[in-house]
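Understanding the architecture of this molecule
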Amino acid sequence: MNVLLLGSGGREHALAWALAASPLLGTLACAPGNAGIAEIARCVPLDITDHAAIACCCREHRIDLVVVGPEAPLVAGVADDLAAAGFKVFGPSRAAARLEGSKGFTKDLCRDLGIPTAAYARFADAAAAKAHAARQQLPVVVKADGLAAGKGVIIAETRGAADEAIDACFGGSFGAAGAEVVIEEFLEGEEASFFALVDGRHALPLGAAQDHKRAFDGDQGPNTGGMGAYSPAPVMTPAMSERVMAEIIRPTVEGMAARGTPYRGVLFAGLMITAEGPKLIEYNVRFGDPECQVLMVRLKSDLLAALLATTDGVLGNFDLRWHDDAALTVVMAAKGYPGSPEKGTEIRGLDKAAEVPGVEIFHAGTRREGSRLVADGGRVLDVTARAPSVGEARERAYEAIRRIEWPGGFCRSDIGWRAIARERGSR
Ligand code: AMP
Ligand code: GLY
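Keep in mind it's a predicted model, so treat the numbers as computed, not measured. (Residues numbered from 1 in each chain as written. Chains lettered and ligands numbered in written order. Predicted model: local features only at pLDDT ≥ 70, side-chain atom pairs only at ≥ 80, totals over all residues. Heavy atoms only, no water.)

1. Details of the sheet that holds strand β8 (residues 153-156)
Overall, antiparallel pairing links the 4 strands, which are arranged β6-β9-β7-β8 in an open sheet. Each edge of the open sheet is held by one strand with a lone partner, namely β6 (120-123) and β8. Taken over all neighbouring pairs, the strand axes of this sheet differ in orientation by 20° on average, direction set aside. Bridge count for strand β7 (residues 140-144) against strand β9 (residues 181-185) is 5 bridges, and the pairing is antiparallel. By the bridge assignment for β9, V142 is matched with I183. Of the strands in this sheet, β6, β7, β8 and β9 are in contact with helix α6 (residues 103-113), which crosses β6 at around 140°. Relative to β6, helix α7 (residues 126-134) is tilted by about 160°, and along the sheet it contacts β6 and β9. (Pairing = 2+ DSSP bridges. Helix = DSSP H or I, 4+ residues; strand = E, 2+ residues; numbered from the N terminus. Axes fitted to C-alpha atoms, helices over the stretch in contact; angles between N-to-C directions. Contact = heavy atoms within 4.5 Å.)

As structure tokens, then:
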């Protein structure tokens, strides 16, 4: 079975690494990939917004399955276009990808199906949005409706900040994503990322992770795509996971099927675990990055078989095995991230770092310049470790990081603090 993976980040390197271990795999191609992925797959320099070019590549490389990493191509209908061209795709249709592509769509679905989420209202003009925001308790959450690369959410602590956020959305700060605005109640609690494979009718839980969105130690500084993650998430007890499946995931899967837009792929629920129970913050129609990295090192079963069971609609007869260990990943970013990261700085020492037991290093933004490995993005490396506890996984990851020679990079030194404090407390 030949697989084409779309994307170029640490998430895709982790997926490629897991796919490469499958006895079902023939060749693995990746578009466009990165320097780490190139060590285990054939990287194809494709523009992944060009669906016809992807179909062409599939024909040329005799691809049997396309696995889509990021959300933008899914929201743009890559799964529909490749299916129409006769290829099997892991990832939802354009209609089902609205779960991530339109926050208003998902909020309305939650309302119709009774799925717990923050109270909300949708607006298409600034004056009405501001009048509504003025009547809400502070802080109030202002969101651009569409895809805004993680930047379209503003938690406004004052009325002035809420008005400013509304003006920014309608003023085009988030492009077409801001043509509609959702105003939400602020939820309090602990956040967790929950994942399930969904084949249109059945949902198979993949477990949970927690990430650290702020750039600096102590959860300070600007929001990022994620500076580190660990799994399992201690807040997601087996009972809590069952509630999430029963109250959030299964109703969504049934609701999407009933509307004639069944969901197929991985469903990523961003949750707030509140005093009243789990509430949905948002859906994503892909794996999390860097959450995927920790899930992949914990997965014992064949990933390719699981993705095929999903696309073939047979998850009802499928199960997955997991390592009992915990996993943790630390993101190494280029100095300047998330503002303007410095590109082209040299990275050395990865071989020695990878010798630390239990460590896998996934590349997020790297490229080769001759024999040199250089940074080529904001998030650059995901130093990932598996161990019996989150605390031990953290020790391994930071031991590997000490062996990496990269003066142009930085990382947080406290990834996993919440889980480790709990581990210490329970001992
Ligand atoms: P999103 O892009 O929707 O994941 O939002 C980014 C982050 O904003 C989330 O991870 C939360 O930390 C925060 N957030 C979004 N919506 C809410 C809400 N209703 N209440 C509290 N925090 C929120
Ligand atoms: N790490 C959060 C995300 O992938 O959206």
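2. A look at the site of ligand 1
Lining the immediate environment of ligand 1, one finds 15 residues, of which E184, E185, L187, E191 and E282 sit closest. Here K143 contributes a side-chain N or O atom positioned 3.0 Å from a nitrogen atom of ligand 1. Here E282 contributes a side-chain N or O atom positioned 2.6 Å from an oxygen atom of ligand 1. Every element with two or more residues in the shell around ligand 1 is listed here: β7, β8, β9 and β16 (277-284). Here the residues of the shell around ligand 1 sort into 8 nonpolar, no polar and 7 charged. (Near = heavy atom within 4 Å. Polar contact = N/O pair within 3.5 Å; in protein donor to acceptor, adjacent residues only side chain to side chain. Nonpolar A, V, L, I, M, F, W, Y, C, P; charged D, E, K, R; others polar.)

3. Quick look at the layout of surface pockets
Quantified by volume, the second largest pocket comes out at close to 350 Å³. E39, L350, D351, A354 and H363 are, among the 18 residues lining the second largest pocket, the residues nearest its centre. Residue assignment for the lining of the second largest pocket shows that the elements contributing at least two residues are α1 (10-20), α12 (350-354) and β19 (359-363). With 5 residues, β19 is the single largest residue contributor to the lining of the second largest pocket. (1 Å grid on protein atoms, 1.4 Å probe; cavity = no way out; pocket = protein on both sides within 12 Å on 5 of 7 lines; lining within 4 Å. Points joined across faces, edges and corners; volume = space filled by probe spheres on them.)

4. Description of the sheet that holds strand β2 (residues 28-32)
Spatially, the 5 strands line up as an open sheet ordered β3-β2-β1-β4-β5, and their pairing is parallel. Each edge of the open sheet carries a strand with a single partner, namely β3 (42-43) and β5 (88-90). One ladder, built from 5 bridges, connects strand β1 (residues 3-7) with β2; its direction is parallel. Within β2, the residue paired with L6 across the bridge is A31. Taken strand by strand, α1 contacts β1 and β2, and its axis lies near 165° from that of β1.

5. Side note on the environment of G316
Tracing the sequence through the fold places G316 in the loop between α11 (303-311) and β17 (326-334). Look past the residues within four positions of G316 in its chain and what remains in contact with it is D199 and H202.

6. Considerations on the site of ligand 2
The local shell around ligand 2 consists of D211, G225, F268, R286, G288, D289, P290 and E291. Contact between ligand 2 and R286: an oxygen atom at 2.9 Å from a side-chain N or O atom of the residue. Between ligand 2 and E291 there is a distance of 2.8 Å, counted from a nitrogen atom to a side-chain nitrogen or oxygen. Burial of ligand 2 by the protein chains amounts to 89% of its free accessible area of 200 Å². Split by residue class, the shell around ligand 2 holds 2 nonpolar, 2 polar and 4 charged. (Areas by Shrake-Rupley, 256 points an atom, 1.4 Å probe, with all protein chains shown as cover.)

7. Describing empty space enclosed by the protein
This model, assessed by the stated rule, comprises 2 cavities of 30 Å³ or more. Its boundaries defined by the atoms lining it, the largest cavity holds a volume of some 100 Å³. Lining the largest cavity are 13 residues, and of these K103, T106, I281, E282 and Y283 lie nearest its centre. Counting residues per element, the ones that place at least two in the lining of the largest cavity are α5 (98-101), α6 and β16. A total of 4 residues in the lining of the largest cavity trace back to one element, the largest contributor, which is β16.

8. Here we look at the nonpolar core
Residues L4, M236 and I249 are the most contacted members of the largest nonpolar core, which totals 50 residues. Non-local contacts of M236, meaning those with residues more than four positions away in its chain, are made with A192, F194, A208, S241, V244, L271 and I273. (Core = buried A, V, L, I, M, F, W, Y, C linked by side-chain atoms within 4.5 Å. Buried < 20%, exposed > 50% of the residue type's maximum accessible area, 1.4 Å probe, protein only.)

9. Details of helix α2 (residues 51-60)
Burial in α2 covers these residues: H51, I54, A55, C57 and C58. Axial view of α2: buried residues confined to an arc of 160°, hence all on one face. Along α2, the residues that are exposed and aim more than 90 degrees away from the buried face are A52, R59 and E60. Residues of α2 that are buried in the fold lie against β1, β4 (65-68), α3 (71-75) and α4 (78-84). Positioned one or two residues after α2, R62 has a phi angle of 50°, which is positive. (Arc of directions from axis to C-beta.)

10. Focus: the packing of α1 against helix α10 (residues 291-298)
Two elements in contact, α1 and α10, have axes whose closest approach is 8 Å; the angle formed by their N-to-C orientations is 15°. When the axis of α1 is compared with that of α10, the two are roughly parallel. Classified by chirality, the crossing of α10 by α1 is left-handed. Contact residues: α1 offers G10, R11, A14, L15, W17 and A18, while α10 offers C292, Q293, M296 and V297. Tallied by class, residues from the contact of α1 with α10 come to 7 nonpolar, 2 polar and 1 charged. (Parallel < 35°, antiparallel > 145°, perpendicular 65-115°, else oblique. Left-handed = near helix turned anticlockwise from the far one by under 90°.)

In short, the description is geometric, and any link to function would need to be established separately.
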